[in-house]
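Close look at the chain arrangement
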Amino acid sequence: MVLAERGSSIERAAALAADFAGRAAEHDRSGSFPFENFAALRDAGLLALTVPVEFGGGGAGLHEVCRVVGAVAGGDASTALVLAMQYIYTAGLAHRTRQNAMRERLYRAIVEHGAMLNTMRVEPELGTPARGGLPRTTATPTDGGWSISGHKLYATGSPIVAYFLVWARTSGDNPRVGSFLVPREAPGVEIVETWDQMGMRATGSHDLLLHEVQIPPEYALDVRYPVEWQPPDPAVGVWNGLVLTALYDGIARAARDWLLPYLHERVPANLGASLATLPRFQSAVGEIQALLYANERLIYSLAEQVDRDGPAGISPQASLVKYLSTNNAVRAVDTALGLIGNPGLSRSHPLERYHRDVLCSRIHTPQDDMVLLAAGKSALGIAS
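Residues numbered from 1 in each chain as written. Predicted model: local features only at pLDDT ≥ 70, side-chain atom pairs only at ≥ 80, totals over all residues. Heavy atoms only, no water.

**Details of the overall build of the chain**
Note the threshold: We count a stretch as a helix when DSSP gives it H or I for four or more residues in a row; a strand needs E for two or more, and each element gets its number in order from the N terminus. Our radius of gyration looks at C-alpha atoms and nothing else; its globule reference is 2.2 Å times the residue count to the power 0.38. The cut-offs for exposure are 20% and 50% of the maximum accessible area for each residue type, with area from a 1.4 Å probe on protein chains only; residues under the lower value are buried, those over the upper are exposed, and the others partly exposed. Any two residues whose heavy atoms approach within 4.5 Å at even a single point are treated as in contact. Here the open area of atoms and residues is found with the Shrake-Rupley method and a 1.4 Å probe, where only the protein chains shown may cover a residue. The charged-residue count follows a simple rule in which Lys and Arg add positive charge and Asp and Glu add negative charge, with His and chain termini not counted at all. In this description, the location of a charge corresponds to atom NZ of lysine, CZ of arginine, CG of aspartate or CD of glutamate.
When its secondary structure is counted, the chain shows 11 helices and 8 strands. The C-alpha atoms of the chain give 21 Å as radius of gyration, which agrees with the globular expectation for 384 residues (21 Å, within 12%). When the backbone C-alpha atoms are referred to their principal axes, the chain occupies close to 80 × 50 × 45 Å. Taking all 384 residues of the chain together, the buried fraction comes to 51%. Sequence-distant contacts, at least 24 apart, represent 73% of the contacts inside the chain between residues at least 6 apart. If you sum the accessible surface of the chain, you get close to 16700 Å²; carbon and sulfur atoms cover 54% of it. Distance from the positive charge centre (33 side chains) to the negative charge centre (39 side chains) of the chain: 4 Å.

**What about helix α3 (residues 62-75)?**
Heads up, the rule is: Multiply 1.5 Å by the residue count of a helix minus one, and that product is the helix's expected span.
Helix length check: α3, at 14 residues, gives a terminal C-alpha distance of 21 Å against a target of 20 Å (1.5 Å per residue), a fit within 8%. The element α3 is extensively covered by neighbouring structure, given that 11 of its 14 residues are classed as buried. Among all positions of α3, only Leu62, His63, Glu64, Val65, Cys66, Val68, Val69, Gly70, Val72, Ala73 and Gly75 are buried.

**Overview of the side chain of His27**
Rules: Counting of polar contacts relies on pairs of N or O atoms within 3.5 Å, with two restrictions inside protein: one atom must be capable of donating a hydrogen and the other of accepting it, and residues adjacent in sequence are counted only when both atoms are side-chain atoms.
Positionally, His27 belongs in helix α1 (residues 3-30). Only 2.7 Å separates the side chain of His27 from the side chain of Glu36, close enough to count as a polar contact. Aside from chain neighbours lying at most four places away, what touches His27 is Ser32, Phe33, Pro34, Glu36 and Ala202.

**Details of the confidence of the model for the chain**
Rules: The quantity called pLDDT is the predictor's confidence in a given residue, expressed from 0 to 100.
Per-residue pLDDT for the chain has a mean of 93; in total, 96% of the residues score no lower than 70. Between residues 1-7, whose pLDDT stays under 50, and residues either more than four places distant or in other chains, the model counts 10 contacts.

**A short note on the state of the cysteines**
The test is simple: Any two cysteine sulfur atoms lying within 2.5 Å of each other are counted as a disulfide.
Per the counting criterion, the structure on display carries 0 disulfides. Among the cysteines around Cys66, which has no disulfide bond, Cys360 carries the closest sulfur, lying 19 Å off. On the accessibility criterion, Cys360 (15% relative accessible area) is buried.

**Here's the deal with the pattern of salt bridges**
We count it as follows: Whenever a carboxyl oxygen of Asp or Glu lies within 4 Å of a side-chain nitrogen of Lys or Arg, that contact is scored as a salt bridge.
A full pass over the atoms with the stated rule returns 19 salt bridges. A salt bridge links Arg23 to Glu36, with the shortest nitrogen-to-oxygen separation between them at 3.1 Å. Of the two residues, Arg23 sits in helix α1 while Glu36 sits in helix α2 (residues 35-43), which places them 13 residues apart along the sequence. Looking at Arg23, the relative accessible area reads 25%, which means it is partly exposed. Accessibility expressed as a relative area gives 31% for Glu36, which makes it partly exposed. Its salt-bridge partner being Lys152, residue Glu123 comes within 2.8 Å of it at the nearest N-O pair. Here Glu123, found in the loop between β1 (117-120) and β2 (138-142), pairs with Lys152, found in strand β3 (residues 145-155); they are 29 residues apart in sequence, far enough to count as distant. You can call Glu123 buried: its relative accessible area is 2%. By relative accessible area, Lys152 is classed as buried at 0%. Residues participating in the shared-partner salt-bridge network are Asp28, Arg347, Glu352 and Arg356.

**Thoughts on unusual backbone geometry**
In the segment running from Thr365 into Pro366, the intervening peptide bond is cis, with an omega of 0 degrees. Here Pro366 shows up in the loop between α10 (351-359) and α11 (368-380). Positive phi values are uncommon outside glycine, yet Tyr154 reaches one of about 60 degrees. Residue position: Tyr154 is located in strand β3. Tyr154 sits in the partly exposed class, given a relative accessible area of 42%. Phi is positive for Glu212, close to 50 degrees, though the residue is something other than glycine.

**Here's the deal with the packing of aromatic side chains**
Where we set the bar: To pair, rings of Phe, Tyr and Trp, with the six-membered ring standing in for Trp, must have centres within 6.5 Å; the planes then decide the type, stacked if under 30 degrees apart, edge-to-face if over 60, and tilted in the middle.
For the structure on display, the rule yields 7 aromatic pairs. Each ring, one from Phe33 and one from Phe38, has its centre 5.4 Å from the other, and the planes form 10 degrees; the classification is stacked. On the accessibility criterion, Phe33 (9% relative accessible area) is buried. Phe38 sits in the buried class, given a relative accessible area of 2%. Ring plane angle 20 degrees and centroid distance 5.0 Å describe the contact between Trp258 and Tyr262, whose orientation is recorded as stacked.

**Some points on the environment of Gln86**
Among the secondary structure elements, Gln86 is positioned in helix α4 (residues 77-93). Residue Gln86 is classed as buried on the basis of its relative accessible area of 0%. Along the backbone, Gln86 and Leu298 are 212 residues apart, and their C-alpha atoms lie at a distance of 23 Å. Once residues within four sequence positions are removed from consideration, Gln86 is found in contact with Leu47, Thr50, Ile110, Ala115, Met116 and Leu117.

In structure tokens, the structure reads:
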């Protein structure tokens, strides 16, 4: 794929987002999964954007991916979250040398069939493994490979994901831990439709139950003793932090873009002029602009640096950008909502959906308390 074609991915994403926006409210209201959006993304060549060029993909870097995800989020944030997971994991394959045997097979499935991937890490008892601890999901050796049993939460994209990358421990007294590839159609895979959240309602983030799912030996993608996972892969953390941050920034920009014409069009009878003429509203819009300008500089300058110099040593900065920019996005949407009051809470307008969706930024790893604790320890010279 030539450079001009790569650049056009952002334009294609923006065009699709405009179409997605027309259906986003209904998918949000019913919690239905937007299958048609992913068919459109596949046809536009965007599902394989982070697959290397030599395997038929787009070979996109972090900056381009952030732009695409941010654009899609402006139309339908739920679609953007599922797409972000696809990009983060697919890009991560290139940095994990222990996955060479399966890498090409997965790339071909994405390019040729539009296959979707996602990692399954969170569990009822463990929570997120980012805070430590071993999963209860267990991989038991068998004569033909592995038997996987366990319960995963928040299987984002579960209605469409073809391959789950399941974080599990091996059985026995000295367990190893790592990723096991579980095909969606394998016997023993059960998806329980539990997702009924306030925001990101159309992501299909249901529970995944695994009942002695049999997989061949090569589907153990990267299994190590727990100590061997330290320090974590910097590429995965940086991509995760910045791509998800770009998503929530995209929501805030959509809120701003809805607000501006509303303020021009709204003319209260007692005022005789639009809300846009009032200094209080002008100052508040200026605050939103400042927040989004800061996000633009923080997210995309760091993404360009990663593309240019690599991810080594960038994880602390990416975490701080995630903290700052997602909180800026929440504040921007909250400010817009506070400006217009009750109309902003009406389901006839998208602003209330943007507000619910942008609040979901707080649940993604790394969470705010972890970011601030790590930054404080680093500044104080205290080892983590």
